[in-house]
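Structure assessment
The primary structure of each chain is shown beneath.
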Amino acid sequence: MPFKLNGELKKRVEGVAFTGQLLWQKGWAEKNAGNLSLDVTDLARVKPSQLKAPTFRGHPGYPTPLAGRCFLVTGTGTRYRDIEKEPEQCLCLLRLSEKGIGYHVLWGGRKPGFKPTSELSSHLRMQHSLLQRGGKLKVVLHTHPNELIALTHLAETNSQEALNWALWGMIPEAKLFVPKGVGLVPYRLTGSEALAQATVGVLDQGYKVVLWEKHGALAVGADPGEAFDLVDAMNKAATLYLLCKHAGQNPQGLTREQIEEIGRTYPE
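Residues numbered from 1 in each chain as written. Predicted model: local features only at pLDDT ≥ 70, side-chain atom pairs only at ≥ 80, totals over all residues. Heavy atoms only, no water.

**Thoughts on the overall build of the protein**
- The number of helices and strands found in the protein is 9 helices and 9 strands.
- Expressed as lengths along the three principal axes of its C-alpha atoms, the size of the protein is roughly 65 × 35 × 35 Å.
- Considering only residue pairs separated by 6 or more positions, the protein has 72% of its internal contacts joining residues 24 or more positions apart.
- Total accessible area on the protein is roughly 12900 Å²; 52% of this is exposed by carbon and sulfur atoms.
- Averaging the positions of the 32 positive and the 26 negative side-chain charges in the protein gives two centres separated by 8 Å. (Helix = DSSP H or I, 4+ residues; strand = E, 2+ residues; numbered from the N terminus. Contact = heavy atoms within 4.5 Å. Areas by Shrake-Rupley, 256 points an atom, 1.4 Å probe, with all protein chains shown as cover. Lys, Arg positive; Asp, Glu negative; His and termini not counted. Charge placed at Lys NZ, Arg CZ, Asp CG, Glu CD.)

**Observations regarding the packing of aromatic side chains**
- In total, this model carries 2 aromatic pairs according to the counting rule given.
- On the numbers, 5.8 Å between centres and 35° between planes, the contact of Trp28 with Phe228 is tilted. On the criterion of sequence distance, the pair formed by Trp28 in the loop between α1 (7-26) and β1 (35-39) and Phe228 in helix α8 (residues 224-246) is long-range, its members being 200 residues apart.
- The exposure class assigned to Trp28 is buried, which follows from its relative accessible area of 1%.
- Seen in terms of ring centroids, Trp165 and Trp168 are 5.4 Å apart; in terms of plane orientation they differ by 85°. Their pairing is edge-to-face. One end of the pair is Trp165 and the other is Trp168, both in helix α5 (residues 160-170) and 3 residues apart, which spans about a single turn.
- For Trp168, a relative accessible area of 9% translates into the label buried. (Phe/Tyr/Trp six-rings, centres within 6.5 Å; stacked < 30°, edge-to-face > 60°. Buried < 20%, exposed > 50% of the residue type's maximum accessible area, 1.4 Å probe, protein only.)

**Topic: α8**
- Between the first and last C-alpha of α8 there are 32 Å, a value that for 23 residues agrees with the 33 Å anticipated at 1.5 Å per step.
- Measuring from the side-chain oxygen of the N-cap residue of α8 to the backbone nitrogen of Gly225 gives 3.0 Å; that N-cap residue is Asp223.
- Just downstream of α8, Gly248 is the residue with a positive phi angle, here 85°. (Expected span 1.5 Å × (residues − 1). Polar contact = N/O pair within 3.5 Å; in protein donor to acceptor, adjacent residues only side chain to side chain.)

**Quick notes on the pattern of salt bridges**
- Counted according to the given criterion, the structure contains 11 salt bridges.
- Residue Lys245 pairs with Glu156 through a salt bridge whose shortest N-O separation is 3.1 Å. Note that Lys245 is positioned in helix α8 and Glu156 in the loop between α4 (146-151) and α5, a separation of 89 residues in sequence.
- Among the residues examined, Glu156 registers a relative accessible area of 41% and is labelled partly exposed.
- One salt bridge in this structure joins Arg256 and Glu161, with 3.8 Å as the shortest N-O distance. Here Glu161 lies in helix α5 and Arg256 lies in helix α9 (residues 256-265), a separation of 95 residues in the sequence.
- Residue class for Arg256 comes out partly exposed when judged on its relative accessible area of 42%.
- Here the salt bridges share partners, and the residues they tie into one network are Glu8, Lys11 and Arg12. (Salt bridge = Lys/Arg side-chain N within 4 Å of Asp/Glu carboxyl O.)

Here it is in structure tokens:
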């Protein structure tokens, strides 16, 4: 009996598609840039008879606690903007095998030659980090927000401390929505093991937004919309900072005392 999406899983697919449109409209998803994974284990009721599809291999083993878990993931080479019109070509629902060596595709992946995101191994390591944090965070979203990336090209904001004080100082919501701030990962080769390790290390410290120097951002949340909102809030702050610089002025910003007052008044 083939696997069919239930109502809740269909809603998750729609949520991923809607977020993909937002990312495209923002200009944060050029060509096939970015990728996403969403843990839907609690919603995917899989029968043993539905696991007869081949087990695919070709990626490093994943942490043992993830065995048997189910994820919606974007495909290699697919575009965020196409998910809405072609969800079964751009996404797949996969279930990790019990032995930690592969996965079963339960739904989607219909595009010829489809493969899950080339960053699947990294996503699974990050999903493991989220699972260890209690499992309330389900989404790992990677995208390319223009203004946040631009700040990592400026010497004055190319350190985690300077970056966060600059962002928090631009608008109260930056501190309200991302009270811990952004975790900054110095430049690592795209898709490399070094980048994955550094990112997991930052997530393990409790950050929800990670900025990759001169590359992009990654956010985690309970659903795609929440992850998008966190990047959107911080990119708004980055935009305001750069608008002031573009006007030939150094941003005045909120004072440290004002930012700390926000943190005390509205703790996470």
